[in-house]
Amino acid sequence: EAAVTQFRTRHRIHLYGGERVAHPIRSFRPLLDLLAPALRRNFAAQSGFRRPTPIQMQAIPLVLADTDLVACAPTGSGKTLAYVLPLLHKLGTPNPMGGYRVCIVTPTRELATQVHELFSVLATGMEFRINHMVKSRPTESDTTEEAHTFDILIATPMRLVTEIKNKTIDLSQVQHLVLDEADQLLELGYLEQMDTIIAACPHAQLRKQLFSATIPPPIEELAQSIMRDPVRIFIGDRNA
Ligand code: ADP
Ligand code: MG
């Protein structure tokens, strides 16, 4: 236990609440042994991922453990992989008519595209259906019927809220909701949309994970209003 605490300190991982839930991972290797062969292969093919970054060290095991999570780590520190990899593992296999089980909300189309790319690369050959919903309006191919066949939704707030209000999207099976770059969601004025999105995810086993470079007070309030006792991770100088 002392060694674990020391390891966290060395990597400037500040953890509040999940100390006994999940130890940080020191390398990707033991994790790879858990993964389905296709996911393991796809991950290994990404030669850029040699060692986990501090946020990945601590967030990956917590996402695997299904905790509600507030994760704060600097821009460029690898927050995307910290949730994409464990969520793909949790999904296991595609469920063709089951509906969305994972919903990722990102502030901008560009970020949504980056998240989509990482999901796609790591899920190569696994036949997950990933919907990348960023256009301001639905297109002809976005029929309701087709939407039921997706496993993963990556969306920007306005479009998603439009779909929710029009009752053209079903989020009843979403078990993992990620609010990515939450400080940017706030800056762009999307807090109200977050309430609508959360209210549209009624699953009893819904897990919420919030990732952000900073946690300004309104984001802290959002976290407190939507999560019960989330585990918190801060990477870096705690007083920064
Ligand atoms: P953040 O969301 O924290 O701003 P990103 O998830 O966008 O950061 O990652 C920033 C960059 O770091 C990306 O180019 C990504 O591929 C790379 N990266 C992520 N994890 C690792 C890792 N473990 N080792 C090396 N590079 C990584
Ligand atoms: Mg990011």
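Refer to the preceding data block for the structure.
Only a predicted model underlies this, so the values are computations on that prediction, with no experimental measurement involved.

About the cut-offs
Residues numbered from 1 in each chain as written. Chains lettered and ligands numbered in written order. Predicted model: local features only at pLDDT ≥ 70, side-chain atom pairs only at ≥ 80, totals over all residues. Heavy atoms only, no water. Buried < 20%, exposed > 50% of the residue type's maximum accessible area, 1.4 Å probe, protein only. Helix = DSSP H or I, 4+ residues; strand = E, 2+ residues; numbered from the N terminus. Pairing = 2+ DSSP bridges. Salt bridge = Lys/Arg side-chain N within 4 Å of Asp/Glu carboxyl O. Polar contact = N/O pair within 3.5 Å; in protein donor to acceptor, adjacent residues only side chain to side chain. Near = heavy atom within 4 Å. Areas by Shrake-Rupley, 256 points an atom, 1.4 Å probe, with all protein chains shown as cover. Nonpolar A, V, L, I, M, F, W, Y, C, P; charged D, E, K, R; others polar. Lys, Arg positive; Asp, Glu negative; His and termini not counted. Axes fitted to C-alpha atoms, helices over the stretch in contact; angles between N-to-C directions.

1. Describing the pairing of strand 3 (residues 102-105)
Side chains Val102 and Ile104 project from strand 3 onto one buried face, and the interleaved Cys103 and Val105 project onto a second face that is buried too. Relative to strand 5 (residues 152-155), strand 3 runs parallel, the two being bridged by 4 bridges. What sits directly across from Val105, in strand 5, is Ala155. Note that strand 3 and strand 6 (residues 176-179) share 4 bridges and pair parallel. Pairing of Cys103 across the sheet is with Leu177, part of strand 6.

2. Examining the pattern of salt bridges
Applying the stated criterion to the full structure yields 4 salt bridges. The salt bridge involving Arg159 is made with Glu163; its shortest N-O contact spans 2.7 Å. Of this pair, Arg159 and Glu163 both sit in helix 8 (residues 157-165), 4 residues apart, which is roughly one turn of the helix. A single burial state applies to Arg159 and to Glu163, both of which are buried.

3. Observations regarding unusual backbone geometry
When glycine is set aside, most residues are seen to have a negative phi, and most peptide bonds are trans. In this model, Arg12 sits at a positive phi of 55°, which is unusual for a non-glycine residue. Relative to the assigned elements, Arg12 resides in the loop between helix 1 (2-10) and strand 1 (13-16). On the accessibility criterion, Arg12 (46% relative accessible area) is partly exposed. A positive phi is found at Lys167, a non-glycine position, where the angle reads about 55°. With respect to the helices and strands, Lys167 occurs in the loop between helix 8 and strand 6. A relative accessible area of 73% places Lys167 in the exposed class.

4. Digging into the side chain of Thr67
When you line up the elements, Thr67 lands in the loop between helix 4 (54-64) and strand 2 (69-72). At a separation of 3.2 Å, a polar atom in the side chain of Thr67 contacts the main-chain carbonyl oxygen of Leu62.

5. Observations regarding the site of ligand 1
As a matter of local geometry, ligand 1 sits amid 15 residues, with Arg51, Gln56, Gly76, Lys79 and Thr80 nearest to it. Side-chain polar atom of Gln56 to a nitrogen atom of ligand 1: 2.8 Å apart, as the coordinates give it. Taking 570 Å² as the accessible area of ligand 1 by itself, protein coverage stands at 66%. For the shell around ligand 1, the class distribution of residues is 4 nonpolar, 8 polar and 3 charged.

6. Notes on the side chain of Lys208
Residue position: Lys208 is located in strand 7 (residues 207-212). In this structure Lys208 is buried but unpaired, with Asp68 as the nearest side chain of opposite charge at 4.6 Å.

7. Thoughts on the sheet that holds strand 5
Adjacent strands of a sheet pair through backbone hydrogen bonds, lying either parallel or antiparallel. Taking strand neighbours across the sheet as the criterion, the 8 strands line up as 1-8-2-7-6-3-5-4 in an open arrangement whose pairing is mixed. In the strand order of this sheet, the two ends are held by strand 1 and strand 4 (130-133), each with one partner. Strand after strand, the sheet turns through a mean of 10° between neighbouring axes, direction not considered. When strand 6 meets strand 7, the two strands line up parallel, connected through 4 bridges. Bridged to His176 within strand 7 is Arg207.

8. Concerning the pairing of strand 1
Only one face of strand 1 is covered, namely the face carrying Ile13 and Leu15; the face carrying His14 and Tyr16 is uncovered. In this structure, strand 1 lies alongside strand 8 (residues 231-235), joined through 4 bridges in antiparallel fashion. Bridging across to strand 8, Ile13 finds its partner in Ile235.

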